[in-house]
Amino acid sequence: MTDNRTTEDNFFEEQEESIDFKKIAYILISKWYWVAVSMFICTLIAFLYLRYKTPSYNISARVLVNDEKKGGGMLGGADMLGDLGSLLGTKSTVDNEAEILKTRYLMEKVVRQLDLNVTYYRTGRIKDIELYNPPFKVEIVKGVDTIKATDVRVSFLNANSLLVSTPTFEKKVPLGAIFKIPKVGDLRITSTPGVKANQKDYIFNITSIDSKVADLQQALTVEVKNKLITIIDLNFKYPIPRKGEDILRELLKKYVEGNLNDKNEVADSTVKFIQNRLAYIGGELGDLEGNIQGFKQRNSLADMSEQSKQLVQVTSDYVKQLAQVETQISIMESLQQYLKDADNKRILPSSLIPADLVFSGAIDKYNQLTLERARKLIGMTENNPSIILIDKEIQNAREDIESNLATTLDGFLITKRKIKAQMQQAENQVKDVPKIERSYLNLARQQQIKQELYIFLMQKAEETAISKTSNIANSKTIDPPKSEVKPFAPNRKLILGLGLIIGIIIPIGLVYIKELLNDKIQSQEDITKATQVPIIGEISHNEDSDNLVVANSSRSAISEQFRALRTNLSFFFNDQSSRVLLLTSSMSGEGKSFTAINLGNILALSNKKVLLMELDLRKPGLSTKLGVSNNQGFTNYIVNSSLVIKDLIKPLKINDNLSLLSSGPVPPNPAEMLLSEKTSELIEKLKTEYDYIIIDAPPVGLVTDAQLLSGTADMCMYLVRQSYTFKKQLAIPQDLHENGKMKKIGIVVNDIQASNGYGYGYGYGYGYGYGYGYGTYGHQVDKPKSKWQFWK
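Residues numbered from 1 in each chain as written. Predicted model: local features only at pLDDT ≥ 70, side-chain atom pairs only at ≥ 80, totals over all residues. Heavy atoms only, no water.

### Structural notes on the overall build of the protein
On a plain count of helices and strands, the protein comes out with 23 helices and 21 strands. Sequence separation of 24 or more characterises 77% of the internal contacts of the protein that already satisfy a separation of 6 or more. Taken as a whole, the protein presents about 41,700 Å² of accessible surface, with 52% of it coming from carbon and sulfur. (Helix = DSSP H or I, 4+ residues; strand = E, 2+ residues; numbered from the N terminus. Contact = heavy atoms within 4.5 Å. Areas by Shrake-Rupley, 256 points an atom, 1.4 Å probe, with all protein chains shown as cover.)

### Describing a nonpolar patch on the surface
On the surface, a cluster of nonpolar side chains totalling about 1,200 Å² of accessible area is made up of Trp32, Tyr33, Trp34, Val37, Phe40, Ile41, Leu44, Ile45, Phe47, Leu48, Tyr52 and Ile126. Relative to the elements of secondary structure, Phe47 occurs in helix H3 (residues 32–52). (Patch = residues over 30% accessible without salt bridge, like charges linked within 9 Å, V, L, I, M, F, W, Y side chains within 5 Å. Salt bridge = Lys/Arg side-chain N within 4 Å of Asp/Glu carboxyl O.)

### As for the environment of Pro665
Within the secondary structure, Pro665 sits in the loop between strand S18 (658–661) and helix H19 (670–674). Taking the relative accessible area as the measure of exposure, Pro665 reaches 39% and is therefore partly exposed. Spatially, the C-alpha atom of Pro665 lies 6.9 Å from that of Gln632, the residues being 33 residues apart in sequence. Setting aside anything within four residues of it in sequence, one finds Pro665 in contact with Asn630, Asn631, Thr635 and Asn636. (Buried < 20%, exposed > 50% of the residue type's maximum accessible area, 1.4 Å probe, protein only.)

### Observations regarding the sheet that holds strand S2 (residues 118–122)
If you trace the six strands from one edge of the open sheet to the other, you get S3-S2-S10-S5-S6-S7, paired in antiparallel fashion. This sheet does not close on itself; its edge strands, each paired only once, are strand S3 (129–131) and strand S7 (169–174). Here the strands of the sheet are splayed against their neighbours by 30 degrees on average, with no regard to which way each runs. Note that strand S5 (residues 150–158) and strand S10 (residues 201–206) share six bridges and pair antiparallel. Of the residues in S10, the one forming a bridge with Thr150 is Ile206. (Pairing = 2+ DSSP bridges. Axes fitted to C-alpha atoms, helices over the stretch in contact; angles between N-to-C directions.)

### Quick notes on the packing of helix H5 (residues 104–114) against helix H6 (residues 209–219)
Axis angle and axis distance: for two packed helices, these are the angle between their axes and the distance between the axes, and together they describe the pair. Between H5 and H6, the least distance of the axes is 9 Å, while the angle of their chain directions is 115 degrees. Our classification of the angle between H5 and H6 gives roughly perpendicular. Of the two elements, H5 crosses H6, and the hand of that crossing is right-handed. Contacts from Arg104, Met107, Glu108, Val111 and Arg112 of H5 reach H6 at Ile209, Asp210, Lys212, Val213, Leu216 and Gln217. Of the residues belonging to the contact of H5 with H6, the class tally is five nonpolar, one polar and five charged. (Parallel < 35°, antiparallel > 145°, perpendicular 65-115°, else oblique. Left-handed = near helix turned anticlockwise from the far one by under 90°. Nonpolar A, V, L, I, M, F, W, Y, C, P; charged D, E, K, R; others polar.)

### Regarding the pattern of salt bridges
A complete count under the given rule lists 22 salt bridges for this structure. The partner of Asp391 in a salt bridge is Arg373, and the shortest N-O contact between them spans 2.5 Å. One end of the pair, Asp391, is in helix H10 (residues 385–429); the other, Arg373, is in helix H9 (residues 357–376), with 18 residues separating them in the sequence. A salt bridge links Lys741 to Asp735; the nearest nitrogen and oxygen atoms lie 2.8 Å apart. Sharing partners across several salt bridges, the network here consists of Arg104, Glu108, Arg112 and Asp210.

### Let's talk about the nonpolar core
Counting 40 residues, the largest nonpolar core has Ile527, Met613, Leu682, Leu686, Ile695 and Val720 as its most contacted members. Looking at this core, the element that brings in the most residues is strand S21 (residues 744–752), giving four residues. With sequence-adjacent residues up to four places away left out, Leu682 is seen in contact with Met613, Phe634, Tyr637, Ile645 and Leu661. (Core = buried A, V, L, I, M, F, W, Y, C linked by side-chain atoms within 4.5 Å.)

### So, the packing of aromatic side chains
Per the stated rule, a full pass over the model turns up nine aromatic pairs. Between the aromatic rings of Phe136 and Phe204, the centroid separation amounts to 6.3 Å while the plane-to-plane angle is 65 degrees, which identifies the pairing as edge-to-face. Taken as a pair, Phe136 in strand S4 (residues 136–143) and Phe204 in strand S10 lie far apart in primary sequence, 68 residues in all. Take Phe136: its relative accessible area is 1%, and that puts it in the buried class. (Phe/Tyr/Trp six-rings, centres within 6.5 Å; stacked < 30°, edge-to-face > 60°.)

### Side note on the sheet that holds strand S12 (residues 231–238)
Reading across the sheet, the four strands line up as S11-S12-S1-S13 and stay open at both edges, with antiparallel pairing between neighbours. Every other strand in the sheet has two partners, leaving strand S11 (220–223) and strand S13 (475–483) as the edge strands with one partner each. Ignoring strand direction, the axes of neighbouring strands in this sheet form an average angle of 15 degrees. Relative to S13, strand S1 (residues 57–65) runs antiparallel, the two sharing six bridges. Counterpart to Val63 in the pairing with S13 is Thr477. Sitting on the sheet, helix H4 (residues 94–101) touches S1, S11 and S12, and the angle it makes with S12 is about 20 degrees. Against the sheet, H6 makes contact with S11 and S12, and its axis sits at roughly 120 degrees relative to S12, the strand it touches most.

Okay, structure coming up:
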């Protein structure tokens, strides 16, 4: 079962607010010249942006990193101490090297080397152009602690004199003289050999090292795009291609220098350690050889017996093994002594340790942390939290090394005891060896051990010296810095395209926002969305100040619209002999009096007797517009029973069939007067004398007077005004219609502005000098509608 309420609810659900793109399109088409102007202006702005925006070029380079992964067991391989060439430097990975290339410290070296914190410009009318080879050079003799970014203008007065100025400073200085700029420091300007000044004025910007380093780091991108290969891609963005290439080239140069310096520092530490041990072992070996010589002299020994030679031959293998083990023990004990010095912040020698991956990794980590600490101490104190954190990491690495050394040393001591036991067993088998020869054997064995250790250290010292001279960086530039031919920014096609699109979007957005924020009636659709009350007439804007626009022979657009309204009204009254029309609205100013006058005249022209009743007792205006005195009228009739109706009705000169019953003096109780029985009696009497009675009532949205009169009216004409009546006020006629508070009710749209756009509008047409345009749904204003069309 479907009731009226459900049907009306369904109607408003169908009329939910939505974006009317068709309406916006019609408005834009009608205002196409604004769209064209917007597109032209936005495209022009985009062109000017491209014209004066400093382009940015992409400079790229590629670096190949030697990412070697070496190592083995502690006692693996023929040489227990490993390959010196692979242990001179710390092992590097491609990810670590990429992070080094991003470091602020490396970029700071570049900035200081190339004096990048001073940027030179050639002055222009719109923008200043950065120069790579300026005709002068700025030297910071002594800068303040934190240089404030400052633009300094330099004007060449003559070959040897300059005018230097800032917003707060101006001074004439000789070329090459030292001068001071506040918040910058002492500067000196010298000429650049081979570069001639081609204009008078230049500008240079001077800023702090830290600020420039931060800017350049943002322009630098370091990536490892493929984890399967050890290639690092560098990209640097800069407005001057050649200068950008030089900056990136200097960055790679400083990176290689730093890498070589780290390797040389490790090599120098190793050489120093070996030299100290050689001096110590050499002294011990000299003392031991002296003891052997003295022993032989004291005991008159010229040669060993065959039995001693056999013993030496049998025990030679054990002696060799023991010598190797004691060499390892001696090195490890020396490293332990080296590590016991807690204040020693130097790197550890890496070429004397066993080829153990765990131990080598601990040494590498310790050396990396030590080198990093040394680099950071250049610009920090030892109390800096970053230095304290590194010291803790160094201490942890030192403890790991000491723990590993202790474990490894215990293993060698066990091996030493086993070899000695085997040697003791072999020596016991030779029981006939004289005591003197056995003593000599002990001395000879010690001499052999010391000789092997001394020879080993001599060999490593030479290898270290040779390796240092052939040190190469662990990376190689395989693709040197090179700028792209065309700038990557700004993108010309993209900017012009955006300018064109924005030029279209702006008017669309403005129209949409205007429609979104507009809370007043603009089109027929605004009415049909808000109410089911039918539209029975549409009156265009009156360009003249005259209230009467309908004349006997008028063929104007408004006259034809009132004729169309007259025709539409005939469908509502059927064959009634007398018809009472009530005119009301939401508020004052919507054209009730104007509509009443012209509708009354158009009805009078059809030979109908028409009476205009001015029943807006609170604010009467109908009589004033008609130029009729309002001394006596309706209110006089209500309060004075002796008055006759005929004496109060005033014929109008407009038309012989048109008369007026004015309101009379404004009463203190208008509502009570309208409720008087005499009011309904009066209207009933008038209905017998006139074909149409048009009541000009107060706005129903403000007072209830119109509702009080609705019982005497056959139909209510509800006036709304384009661009004046609020959309929310359409709830009033909807409520009157939905709840049956008034009889037949229809909406008349007044003051429709001429427009070529979507919605209401009247253009030139056919037949009458003016045509009658179409509304929102294509309704032609002068075409009569059927009763069914209006009242359904």
